[in-house]
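Next come the chains, spelled out residue by residue.
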Amino acid sequence: MLQITYLREHRLSALEGLKKRGLPDAEQLIDQALDLDQQRREVQAKADALRAQSNAESKKIGELMKAGQTNQANDLRAKVGNLKHELKKLEEDLARCEEELRLHLYKIPNIPAQAVPAGRSADDNLNVYQHGSIPNLPKGALPHWELIKKYDIIDFEVGNKITGAGFPVYKDKGARLQRALISFFLDEAEKAGYKEIMPPLLVNEASGYGTGQLPDKEGQMYCVTADQLYLIPTAEVPITNLYRDVILNEADLPVKNVGYTPCFRREAGSWGAHVRGLNRLHQFDKVEIVQIRKPGESYQALDEMCAHVQSLLEKLELPYRKMLLCGGDMGFNATLTYDMEVYAAAQQRWLEVSSVSNFETYQANRMKLRYRSAEGKIQLLHTLNGSALALPRVVAALLENNQDENGIRIPDVLVPYTGFNRID
RNA sequence: AGAGGAGUGGCAGAGUGGUUGAUUGCACCGGUCUUGAAAACCGGCAGCCCUUCACGGGGCUCGGGGGUUCGAAUCCCUCCUCCUCUGCCA
């Protein structure tokens, strides 16, 4: 959620930024927020003044009672009683104003950073870096959804039976490969200075609001209605919410956390062509890195996180490209996002395996995540996160790119984790 | 899940209706003293919102929400969390 004080002071640059997202009603959104804010402040000023009066009179009643001047105390008591009616109405107005403003601010997405190109869709994203060569596959090369059947390592049918579409069952070397990738990603992150966190997989409503999945993406999360809990769509939610309502000391920074979790996404309405096999699932595994940074350092941290993700892809020998997302394709909460896409040679498609974003203060403002500087000044922090990495599409590309007539080669770096160097 | 107890500032711990946003101790920060350090002493030390160019002024918050009252940390209701006992369970 944007800070209203920011909008008050930087209306024009906010507007300019939001236009890069292609928001047709950006001006209206901002001006309405400013109006609501103006109303709120007026009502609060009145309510505060009235309350100040009533507090002062009440104090006097106490003094009169102590002095034994009961009659005067009773007169005053009646007078203050009348103030209360007036105050009650103002309090209701104030609560309504605050609520309206809050709900309105939830509707305004984050302001894209300077570097973000304007654009409508993924077609307008900028390819800023590319690495590795596109493999030449043998004749008769198969897409991963055929390979997993051929070698019997991932089973969608039995997943359909026990749960439903999009919940595959990993078997044998397929299961082992999942575990190997998770361990590899966690070990690499720890080498890069991240602290491992194993969080709950269900979160409450407040956490959903903290990182911005609620109210915006309510329909995309699985909800356990009996207890009003949500299955996490990403480890970002619990790991960032660790710091909800927290004031960190400057010495505690930067925070660098990593966590492996399964992720659960309803993916309502997003099924179509191109989502076969592992390309899109309701449950998948992901290792997520999260950083919490002082405002001045967050873009440097973003670069550092990208470099980490890129090093993983290079170690796995996967060809990839780094995309700078345009305003229209960027998530609601982010100011700047890089997507990493690997090339899956049998499908002949680039698949997004990581999304690395800076949220600046957007999440921190919702979460009241702040730090106290050495001089004692308190201010909001910047939050960042990135997938490092999401497994299914990495597996898809590994299977497709490393296939030959007799099987699939496992990249050297994974062999110590899998205990085998081929799937056949 | 049932019964009982409890939740106060970074921590510990007072406070059961009236200038108490809160005694005190520890921790922390600044200062005096000291060659330096410790000790001692002095001072500071919650967050948010409104208002003011500023100095300052005002409001809200004692787990969350609601209520009683002129006035609530203190009384009532409700939810959450923790502890003890019983039950259940990997």
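None of these values were measured; they are calculated from a predicted model.

Thoughts on the overall build of chain A
Okay, so step 1: When its secondary structure is counted, chain A shows 13 helices and 19 strands.
Okay, so step 2: Its C-alpha atoms put chain A at 100 × 45 × 45 Å along the principal axes.
Okay, so step 3: Looking at chain A as a whole, 50% of its 424 residues are labelled buried.
Okay, so step 4: Considering only residue pairs separated by 6 or more positions, chain A has 73% of its internal contacts joining residues 24 or more positions apart.
Okay, so step 5: Carbon together with sulfur atoms contributes 48% to the accessible area of chain A, which is approximately 20200 Å² in total.
Okay, so step 6: Within chain A, the 57 negative side-chain charges are centred at a point lying 3 Å from the centre of the 53 positive side-chain charges.

So, the domain arrangement of chain A
Okay, so step 1: Along its sequence, chain A is organised into domain 1 (4–105) and domain 2 (122–423).
Okay, so step 2: When each unit is reduced to the centre of its C-alpha atoms, the spacing between domain 1 and domain 2 is 43 Å.

Focus: the packing of aromatic side chains
Okay, so step 1: According to the stated counting rule, one finds 7 aromatic pairs in the structure shown.
Okay, so step 2: Consider the rings of Phe 167 and Tyr 222, whose centres lie 6.4 Å apart with planes at 55 degrees: the pair is tilted. Taken together, the residues Phe 167 in the loop between helix H6 (156–162) and strand S3 (169–170) and Tyr 222 in the loop between helix H8 (205–211) and strand S6 (223–224) connect sequence positions 55 residues apart.
Okay, so step 3: Looking at Phe 167, the relative accessible area reads 16%, which means it is buried.
Okay, so step 4: Considering the side-chain rings of Phe 184 and Tyr 417, the 5.9 Å spacing of their centres and the 70 degrees angle between planes classify their relative orientation as edge-to-face. Residue Phe 184 is found in helix H7 (residues 173–191), and its partner Tyr 417 is found in helix H13 (residues 415–418); the two are separated by 233 residues along the sequence.
Okay, so step 5: Residue classification places Phe 184 among the buried residues on the basis of a relative accessible area of 1%.
Okay, so step 6: Residue Tyr 417 is classed as partly exposed on the basis of its relative accessible area, which comes to 26%.
Okay, so step 7: Each member of the aromatic cluster is reached from another via a ring pair, and the members are Phe 184, Phe 185 and Tyr 417.
Okay, so step 8: The ring of Phe 420 is capped by Lys 173, whose NZ or CZ atom sits 4.7 Å from the centre of that ring.

Observations regarding the side chain of Asn 401
Okay, so step 1: Tracing the backbone through its elements, the reader meets Asn 401 in helix H12 (residues 391–401).
Okay, so step 2: Here the side chain of Asn 401 touches Tyr 343 through a polar contact of 2.9 Å, landing on its backbone oxygen.
Okay, so step 3: Setting aside anything within four residues of it in sequence, one finds Asn 401 in contact with Pro 135, Leu 137, Leu 318, Pro 319, Tyr 343, Ala 344 and Ala 345.

Rules behind the numbers
- Residues numbered from 1 in each chain as written.
- Chains lettered and ligands numbered in written order.
- Predicted model: local features only at pLDDT ≥ 70, side-chain atom pairs only at ≥ 80, totals over all residues.
- Heavy atoms only, no water.
- Helix = DSSP H or I, 4+ residues; strand = E, 2+ residues; numbered from the N terminus.
- Buried < 20%, exposed > 50% of the residue type's maximum accessible area, 1.4 Å probe, protein only.
- Contact = heavy atoms within 4.5 Å.
- Areas by Shrake-Rupley, 256 points an atom, 1.4 Å probe, with all protein chains shown as cover.
- Lys, Arg positive; Asp, Glu negative; His and termini not counted.
- Charge placed at Lys NZ, Arg CZ, Asp CG, Glu CD.
- Domains from an automatic or database assignment.
- Phe/Tyr/Trp six-rings, centres within 6.5 Å; stacked < 30°, edge-to-face > 60°.
- Lys NZ or Arg CZ within 6 Å of the ring centre and 35° of its normal.
- Polar contact = N/O pair within 3.5 Å; in protein donor to acceptor, adjacent residues only side chain to side chain.

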